[in-house]
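# Notes for the structure review
The primary structure of each chain is shown beneath.
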Amino acid sequence: MIEKTQTEEKSLNFLEEIIENDIKNGKNGGQVYTRFPPEPNGYLHIGHAKSICLNFGLAQKYGGKTNLRFDDTNPSKEETEYVDSIREDVHWLGFQWEKELYASDYFEQLYQWAVQLIKEGKAYVCDLSQEEISEYRGVPTKPGKPSPYRDRSVEENMDLFERMRKGEFPDGARVLRAKIDLASPNMHMRDPIMYRIMHAEHHRTGNKWCIYPMYDYAHGESDSIEGITHSICTLEFEVHRPLYDWFIQALNIHAPQQIEFARLNITYTVMSKRKLLQLVKENHVNGWDDPRMPTICGLRRRGYTPESLRLFAEKVGVARRENVIEVELLEWCIREDLNKRAQRVMSVLDPVKVIIDNYPEGQTEELDAVNNPEDASMGTRKVPFSRELYIERDDFMENPPKKYFRLSPGTEVRLRYAYYITCTNVVKDAEGNITEIHCTYDPATRGGGSPDGRKVQGTIHWVSAQHALDAEVRMFDRLFSSPEPENTEEGKTFLDMMNPNSLTVLRNCKIEPFLKNTKALDHFQFERLGYFTTDADTKDGKLVFNRTVGLKDSWAKTIKN
RNA sequence: UGAGCUAUGGUGUAACGGUAGCACUACAGUUUUUGGUACUGUCUGUCUAGGUUCGAAUCCUGGUAGCUCAACCA
């Protein structure tokens with residue numbers, strides 16, 4: 001009997017297609033080995049998260065391995081601090097690397113290979129200045145002309161290169177160049193620089209070296225040494241691929257395949273490392289992990305989970321065309337995750353006092369509240385109730401518009417998990433601000449249901465005034481508010497596009513006593529207000545929360561319509 | 001006046017010569033102890049002009065638009 005198999009396979013992205021083809025054809029013995037190769041010159045951001053998920057995800061899917069390799073070939077920019085943060089962020093995202101390696105591990109091997117290329121007449125020492133090299137190289141539309149040092153003898157090249165290594169020459173005096181093609185339409189093939197002299201202390205090799213390999217020379221060889229099969233990088237390296245292949249071929253070593261994909265862009269989000277560094281250095285934000293930053297550590301502190309970031313990476317897909325992902329997708333991903341795991345809790349960010357006149361003074365009772373309506377296994381908790389409560393200031397309106405379902409004079413609403421209450425009176429201060437809302441409650445509605453079956457239109461959250469804890473809540477808006485912060489035309493810099501109200505601190509928030517023992521990075525849904533995450537640092541024992549993301553629809557917006 | 005890459009709804013991403021689908025967004029509705037969640041529905045799409053073909057988003061040619069490339073950065 002033949003069974004009809006409904007193969008509901010998810011369609012493959014172009015990377016998976018390439019890899020499956022390679023496996024099918026027995027290339028690399030059917031193995032998949034990838035690498036994530038950051039330069040330790042800054043913190044990782046969400047764009048890197050996409051690359052990490054791609055590299056590790058692909059290897060995982062096809063039973064392969066992934067290395068974490070630090071591309072540390074330029075000591076003037078690199079620091080150990082960055083190495084540590086990168087290691088931590090990749091780990092936090094949920095990935096384990098096969099090996100932790102450094103391009104600097106290969107300096108000696110790279111040097112030997114350079115010697116080999118010199119001996120084969122494929123590389124030469126050039127004494128031209130930086131400006132001269134640039135001039136000799138020509139422009140894309142016109143061929144360059146050969147350096148006068150291009151035809152030095154092997155002996156002279158060897159002598160000079162050895163002396164470069166020994167430190168006999170000052171920075172910039174000479175470089176080692178590959179002898180390729182000055183007429184190539186691809187500028188990267190016009191005798192690219194392989195080594196430059198740089199008397200700088202390297203974060204790992206110290207002062208052992210004063211010549212350092214360039215990216216183009218080091219990267220492919222590093223991939224090759226590690227046995228990488230698929231070297232996945234972003235689109236701007238596409239023009240480097242012929243050079244990548246040239247070195248591999250000239251050296252006749254294992255040939256990884258470089259494949260490029262389009263980097264991630266997100267609306268309203270600055271993704272350039274240079275600009276993020278500027279935001280930090282000029283103190284426009286409070287460090288790399290400021291919750292407004294698109295860095296992985298910033299997102300973590302804001303309350304994003306590894307799962308949500310991995311989901312995002314999956315949802316944005318991968319292709320070779322330029323793209324700008326709407327930030328709404330990122331927000332959907334974290335809501336999707338937090339909705340399942342975050343405990344519901346009642347919290348009042350902008351409190352106004354409610355007094356239940358017919359509730360006995362001094363009486364306290366405990367009511368049952370469910371922790372997560374989506375997940376009964378998360379259980380219930382007790383919420384204390386008393387005569388004086390706080391509710392959200394905007395949950396009361398003296399003169400409500402139509403479709404306002406919450407508290408107003410004469411209307412009855414449900415206090416969630418508690419009682420129906422009806423507003424009878426309002427007390428104001430000299431400026432006309434409401435200071436107390438007086439209500440009566442119906443004792444028969446305990447728990448929030450009415451025996452007579454009458455309905456209330458609204459349900460609002462509350463906390464007991466005498467039991468409530470004080471908390472500080474930080475609300476983060478988008479750092480950039482213009483339609484396209486990357487658009488710096490009309491003389492504007494990206495800093496001009498910054499939203500001055502991107503951080504609001506609410507210091508007078510009241511939260512359920514239940515929240516007393518929260519740990520850093522605990523996630524909660526404050527009913528109707530959004531998702532909040534305990535900040536890593538609490539001040540003076542005071543609870544501090546960061547708002548991760550709001551709920552999908554804002555209440556205010558609905559009222560406006 | 002060079003080379004390379006890319007073009008599918010508002011945004012992403014599928015369809016690999018044979019019914020243009022999925023997700024996000026937006027809007028509408030059902031359920032609901034918060035207007036959330038869940039579920040249902042609606043709106044929008046193959047850059048353009050030719051060609052090949054019974055049949056083209058897909059193949060070919062021309063155009064147009066966008067991106068990348070002229071660091072001793074990665």
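Now for a look at the structure at hand.

What counts and how
- Residues numbered from 1 in each chain as written.
- Chains lettered and ligands numbered in written order.
- Predicted model: local features only at pLDDT ≥ 70, side-chain atom pairs only at ≥ 80, totals over all residues.
- Heavy atoms only, no water.
- Helix = DSSP H or I, 4+ residues; strand = E, 2+ residues; numbered from the N terminus.
- Rg over C-alpha atoms; globule rule 2.2 N^0.38 Å.
- Buried < 20%, exposed > 50% of the residue type's maximum accessible area, 1.4 Å probe, protein only.
- Contact = heavy atoms within 4.5 Å.
- Areas by Shrake-Rupley, 256 points an atom, 1.4 Å probe, with all protein chains shown as cover.
- Lys, Arg positive; Asp, Glu negative; His and termini not counted.
- Charge placed at Lys NZ, Arg CZ, Asp CG, Glu CD.
- Polar contact = N/O pair within 3.5 Å; in protein donor to acceptor, adjacent residues only side chain to side chain.
- Phe/Tyr/Trp six-rings, centres within 6.5 Å; stacked < 30°, edge-to-face > 60°.
- Lys NZ or Arg CZ within 6 Å of the ring centre and 35° of its normal.
- Pairing = 2+ DSSP bridges.
- Disulfide = S-S within 2.5 Å.
- Salt bridge = Lys/Arg side-chain N within 4 Å of Asp/Glu carboxyl O.
- Axes fitted to C-alpha atoms, helices over the stretch in contact; angles between N-to-C directions.

Looking only at helices and strands, one finds 13 helices and 25 strands in chain A. Here the C-alpha radius of gyration of chain A, 31 Å, is well above what a compact globule of 561 residues would show, namely 24 Å. Projected onto the principal axes, the alpha-carbon positions of chain A cover approximately 100 × 75 × 40 Å. In chain A, which comprises 561 residues, the share counted as buried stands at 52%. Of all intrachain contacts in chain A linking residues separated by at least 6 positions in sequence, the fraction that spans at least 24 positions is 71%. In the form shown here, chain A has an accessible surface area of approximately 26,600 Å², with 47% of it arising from carbon and sulfur atoms. Once the 75 positive and 88 negative side-chain charges of chain A are each reduced to a mean point, those two points are 2 Å apart.

For the rest of this paragraph, the subject is the environment of Glu-100. Here Glu-100 is to be found in strand S3 (residues 100-102). Judged by relative accessible area, Glu-100 falls into the partly exposed class, the value being 29%. Here the alpha-carbon distance between Glu-100 and Gln-525, two residues 425 residues apart in the chain, equals 38 Å. Sequence-distant contacts of Glu-100, defined by excluding residues within four places in its chain, comprise Leu-68, Phe-70 and Arg-87. Side-chain polar atoms of Glu-100 contact the side chain of Arg-87, separated by 2.9 Å. A polar atom in the side chain of Glu-100 sits 2.7 Å from the side chain of Tyr-102.

This paragraph deals with the packing of aromatic side chains. Scanning the entire structure with this criterion turns up 23 aromatic pairs. When the ring of Tyr-359 is compared with that of Phe-385, the centres are 5.2 Å apart and the planes differ by 75 degrees; the resulting orientation is edge-to-face. A residue pair is termed long-range when its members are at least 10 positions apart, and Tyr-359 in the loop between strand S12 (351-356) and strand S13 (364-370) and Phe-385 in strand S14 (residues 380-386) qualify at 26 residues. Assigned by exposure class, Tyr-359 and Phe-385 land together as buried. Look at Phe-385 and Trp-462: their rings are 5.3 Å apart centre to centre, the planes differ by 80 degrees, and that puts the pair in the edge-to-face class. Remark: Trp-462 occurs in strand S20 (residues 462-464) and Phe-385 occurs in strand S14; sequence separation between them is 77 residues. With respect to class, Phe-385 is no different from Trp-462; both count as buried. Counting every residue linked through ring pairs, the aromatic cluster contains Phe-107, Tyr-111, Phe-161, Tyr-195, Trp-209, Tyr-212, Tyr-217, Trp-246 and Phe-247. Looking at Arg-204, its charged tip hangs above the ring of Tyr-102, at a distance of 3.7 Å from the centre. Lying over the aromatic face of Phe-514, Arg-381 brings its terminal NZ or CZ to 5.8 Å of the ring centre.

What follows is about the pairing of strand S5 (residues 175-178). Here S5 shows a buried face lined by Val-175 and Arg-177 and a second buried face lined by Leu-176 and Ala-178. The pairing of S5 with strand S6 (residues 193-197) spans three bridges and is classified as antiparallel. Its bridge partner being in S6, Val-175 is matched across the sheet by Arg-196.

Counting across every chain of the model gives zero disulfides. Of all cysteine sulfurs in the structure, the one in Cys-439 sits closest to Cys-423, which takes part in no disulfide; the separation is 5.0 Å. By relative accessible area, which is 4% here, Cys-423 ends up buried.

A word on the pattern of salt bridges. For the structure shown, the criterion picks out 48 salt bridges. Across the salt bridge formed by Asp-442 and Arg-454, the nearest N and O atoms sit 2.9 Å from each other. Taken together, the residues span a long stretch of sequence, with Asp-442 in strand S18 (residues 434-442) and Arg-454 in the loop between S18 and strand S19 (459-460) at a distance of twelve residues. Under the relative-accessibility criterion, Asp-442 is labelled buried at 19%. By relative accessible area, which is 28% here, Arg-454 ends up partly exposed. Within this structure, Asp-289, Arg-301, Glu-472, Arg-474, Arg-507 and Asp-535 form a network of salt bridges that share partners.

Moving on to the sheet that holds strand S10 (residues 343-345). In space, the seven strands of this open sheet follow the order S10-S23-S24-S25-S21-S22-S11, with mixed pairing throughout. Of all strands in the sheet, those with a lone pairing partner are S10 and strand S11 (347-348), marking the two edges. Looking at chain direction, strand S21 (residues 469-476) and strand S22 (residues 503-511) are connected through seven bridges and run antiparallel. Among the inter-strand pairings, Arg-474 is bridged to a residue of S22, identified as Val-505. Here helix H12 (residues 327-341) sits on the sheet in contact with S10, strand S23 (523-526), strand S24 (530-534) and strand S25 (543-549), set at roughly 125 degrees to S25.

In this model, Asp-191 sits at a positive phi of 50 degrees, which is unusual for a non-glycine residue. As for its position among the elements, Asp-191 is in the loop between S5 and S6. If you check the backbone angles, Tyr-417 has positive phi at about 70 degrees while not being a glycine. Within the secondary structure, Tyr-417 sits in the loop between strand S16 (412-415) and strand S17 (420-428). Residue classification places Tyr-417 among the buried residues on the basis of a relative accessible area of 11%.

Three or four residues apart is the spacing at which side chains of an α-helix point the same way, because the helix has 3.6 residues per turn. Along helix H8 (residues 241-251), the positions that sit buried rather than exposed are Leu-243, Tyr-244, Trp-246, Phe-247, Ile-248, Ala-250 and Leu-251. Those residues of H8 that are buried lie in contact with helix H4 (107-119), S5, S6, helix H7 (215-226), strand S8 (230-234) and strand S9 (257-261). Phi for Asn-252, located one or two positions after H8, is positive at around 55 degrees.

Right, let's get into the side chain of Asn-186. Relative to the helices and strands, Asn-186 is located in the loop between S5 and S6. Among the residues examined, Asn-186 registers a relative accessible area of 16% and is labelled buried. Side-chain polar atoms of Asn-186 contact the backbone nitrogen of His-188, separated by 2.9 Å. Ignoring any residue separated from it by four or fewer positions in sequence, one finds Asn-186 in contact with Val-239 and Pro-242.

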